[in-house]
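Here is what each chain is made of, one letter per residue.
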Amino acid sequence: MNNVNKKRTAPKRMRNLPSKSRTFKPISRAAAAAGVLTLSLIFTSCGETEHGTTAGTQGSTGKPAGNTSATTEVTTAAPAEKDGTHETTRFEEIPFETVYIPNPEMYEDEELTQAEGEKGKAEITEYRTYLGGELTAEWEERKTLTEPKNRVIIRGTKPIITVKENTVTETLEKYSTIYEECGTMEVGTTKLKTEGKNSVAVKTYRYTYTKGELTVTELVAEEIQERVDEVILVGTKAQSFGMPFIDAENGGVNYRLTQSYGGSNNHRGLDFAVYYGDPIIAVMDGTVVEAYDAGYFSKNNLLWTYGTYVVIEHEGGFRTCYAHLSSRTVKKGDTVKKGQTIGRSGNTGRLNTTATGPYAGTHLHFEIRKYSSSKKAYVTVDPKLYLPWWK
Ligand SMILES: [Zn+2]
């Protein structure tokens, strides 16, 4: 009868109870009747042996206590306890928790301890009641003496590795210009046929930064764009005559003559109705061979009748004359292009003062002269034979 059964609950199971708690655990009848109890050795988190062993040689019950590895179980014979309630007190540490505070200014691998953790402390009192030398009840009370304090760690969230990409275009070879003759375009005219493109390498670089420092540069993509030569068409077709001014009022579709070539007074050219000050333009590329202002010639020289006038020599043995101008913008020896302004319309020289209408007194006297090898001189021809408006 000296062998008393003793069975303890593992203190570990009590840790999470409220600061003051009480557990009551009645002894099972079967266990009491068997007169055998399993006595466990309990180790607290402090590492102290919780409960002493007692003498005894009774065999193991073979029934596991169900405790965790923190419990070592032995079976001993225990001496009879005195009737009444006995209490034992032990202390336990309460572990602290670690709290992390993210900081985007610090890198991922950086930590800063803001506060050290402190363990708490709990007091556990165990009660056992014996009656007739047998354990009839046991329970324990738990009281938190000191609450644990969290360990606070500031942890960086800024990425250690960052990657950027950049695309650059490098010129490898500049394009050339090729001139191509074009028989349907007039001499002196050009036209862009193919736009030139340099040969280039389009490169994409990847830059890897470690904590803001450039550590790796990689070429991740490269595209070569082939060179395309520029092609310019150059006209080879003989230049044709243009009109000596733009018909401003009608967009060049209603040229109006006030006097034709020839006639009873042997008119040497065409008289065009124009507004005073209209731009007068060269009908073809050429060189200015005569350019005089009104008043330069005396009235006994027939040239005075032209007033301010310009004569241009062209390819193919032609010359053109523009007379009665209010002003001229070229001088003898100048090279002019087809369509280039050579002066402004006006009413200088001898005019038909009987003319009526909006162009009265102001007109362009225009001549085309062709070189005659037999006469070894330039002779006037009817401009209607050459000007596009009549062709
Ligand atoms: Zn005339």
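Just above, that's the structure.
Thresholds, definitions, all that
The residue count restarts for each chain, going from 1 along the sequence in the order it is written. Local features in this predicted model are restricted to residues whose pLDDT is 70 or higher, and side-chain atom pairs enter the listing and the counts only when it is 80 or higher, whereas totals over whole chains, interfaces and linings include all residues. Working from all heavy atoms in the structure, the side-chain values ignore hydrogens and water. Here a helix means four or more residues in a row that DSSP labels H or I, a strand means two or more in a row labelled E, and each is numbered from the N terminus. A simple rule labels every residue: compare its accessible area, found with a 1.4 Å probe on the protein chains alone, to the largest value its type can have, and call it buried under 20%, exposed over 50%, or partly exposed in between. In what follows, a contact means two residues having at least one pair of non-hydrogen atoms within 4.5 Å. Each accessible area is a Shrake-Rupley result for a 1.4 Å probe, and residues are judged covered by the shown protein chains and nothing else. Nonpolar core, defined: a set of buried Ala, Val, Leu, Ile, Met, Phe, Trp, Tyr and Cys residues in which side-chain atoms within 4.5 Å join the residues together. Excluding water, the donors of a metal are its N, O and S neighbours within 2.8 Å, or within 3.2 Å for Na, K and Ca, and that exclusion means sites may look incomplete. Any coordination sphere not matching a tetrahedral pattern (four donors, all angles between 85 and 135 degrees) or a square planar or octahedral pattern (four or six donors, opposite donors over 155 degrees apart, other angles between 65 and 115) is reported as irregular. The term salt bridge refers to a pairing of a side-chain nitrogen on Lys or Arg with a carboxyl oxygen on Asp or Glu at a separation within 4 Å. Side-chain atoms alone can form a polar contact between residues adjacent in sequence; in general such a contact is a pair of N or O atoms within 3.5 Å, and within protein one must be able to donate a hydrogen while the other accepts it. Two strands are counted as paired when DSSP detects at least two bridges linking them. Between N-to-C directions, angles cover 0 to 180 degrees, with each direction set by a line fitted to C-alpha atoms, over the stretch in contact for helices.

Visitor: Can you help me understand the overall build of the protein chain in this one?
Guide: Each helix and strand in the protein chain was counted, giving one helix and 27 strands. For the protein chain, the residues scored as buried account for 35% of the 391 residues in total. Here the contacts in the protein chain between residues at least 6 apart in sequence split such that 71% fall between residues at least 24 apart. In the structure as shown, the protein chain presents an accessible area of about 23000 Å², 50% of it carried by carbon and sulfur atoms.

Visitor: Please clarify how the nonpolar core should be interpreted in this entry.
Guide: Generally speaking, nonpolar side chains in soluble globular proteins are found buried as a group. In terms of nonpolar packing, the biggest core is built from 26 residues, with Phe 272, Tyr 322, Ile 342 and Leu 364 touching the most fellow members. When contributions to this core are tallied by element, the ones reaching two or more residues are β18 (270–273), β20 (286–292), β21 (308–314), β22 (318–325) and β26 (363–372).

Visitor: Sorry if this is basic, but what is going on with the coordination of the zinc ion here?
Guide: Each pair of donors in an ideal four-coordinate tetrahedral metal site encloses 109.5 degrees, whereas pairs in an ideal six-coordinate octahedral site enclose 90 or 180 degrees. For the zinc ion, the full set of protein donor atoms is His 267 (NE2), Asp 271 (OD), Asp 271 (OD) and His 365 (ND1), and the range of their distances to it is 2.0 to 2.8 Å. Here the zinc ion binds four donor atoms, and the angle range of 52 to 152° at the metal identifies the geometry as irregular. When the donor residues of the zinc ion are listed from N- to C-terminus, their spacing reads H-x3-D-x93-H. Of the two residues, His 267 is situated in the loop between β17 (257–259) and β18 and His 365 in strand β26; the sequence distance between them amounts to 98 residues.

Visitor: Explanation requested: the pattern of salt bridges in the structure shown.
Guide: Any two side chains of opposite charge can pair, so long as their charged atoms come close to each other. Enumeration over the complete set of coordinates arrives at 22 salt bridges. Two residues, Arg 90 and Glu 92, come together in a salt bridge whose shortest N-O distance is 3.2 Å. What makes Arg 90 buried here is its relative accessible area of 5%. Residue classification places Glu 92 among the buried residues on the basis of a relative accessible area of 1%. In this structure, Lys 211 engages Asp 109 in a salt bridge whose closest nitrogen and oxygen atoms are separated by 3.2 Å. With Lys 211 in the loop between β14 (199–210) and β15 (213–225) and Asp 109 in the loop between β6 (98–107) and β7 (111–115), this pair connects stretches of sequence that are 102 residues apart. Connected through salt bridges with shared partners, the residues Arg 90, Glu 92, Glu 126, Arg 128, Glu 138, Glu 140 and Arg 142 form a single ionic network.

Visitor: Just checking my understanding: could you explain the side chain of Arg 128 for this structure?
Guide: Examined against the element boundaries, Arg 128 turns out to sit in strand β8 (residues 120–131). A distance of 3.2 Å separates the side chain of Arg 128 from the side chain of Glu 126, its partner in a polar contact.

Visitor: Can you walk me through unusual backbone geometry in this structure?
Guide: With glycine set apart, most residues show a phi of negative sign, and most peptide bonds adopt trans. Notably, Asn 266 is not glycine yet its phi reads approximately 50°, a positive angle. Relative to the elements of secondary structure, Asn 266 occurs in the loop between β17 and β18. Of the residues examined, Asn 266 reaches a relative accessible area of 57% and is grouped as exposed. Positioned with a positive phi, His 324 is a non-glycine residue whose angle comes to about 70°. Relative to the helices and strands, His 324 resides in strand β22.

Visitor: Before we go on, may I ask you to explain the environment of Lys 121 in this structure?
Guide: Looking at the secondary structure, you find Lys 121 in strand β8. Residues Lys 121 and Thr 146, spaced 25 residues apart in sequence, show a C-alpha to C-alpha distance of 4.9 Å. Those residues within four positions of Lys 121 in sequence are excluded, and the remaining contacts are Phe 91, Glu 92, Ile 94, Lys 143, Thr 144, Leu 145 and Thr 146.

Visitor: What am I meant to see in the sheet that holds β14 here?
Guide: Strand pairing in a sheet is mediated by backbone hydrogen bonds. Such pairs are either parallel or antiparallel. As summarised here, the arrangement of the three strands in space is β11-β14-β15, forming an open sheet in which the pairing is antiparallel. Edge positions in the sheet fall to β11 (161–173) and β15, since each of these pairs with one other strand and no more. Taken over all neighbouring pairs, the strand axes of this sheet differ in orientation by 20° on average, direction set aside. Pairing of β11 with β14 involves twelve bridges; the strand directions are antiparallel. Directly across from Lys 164, in β14, lies its bridge partner Tyr 207.

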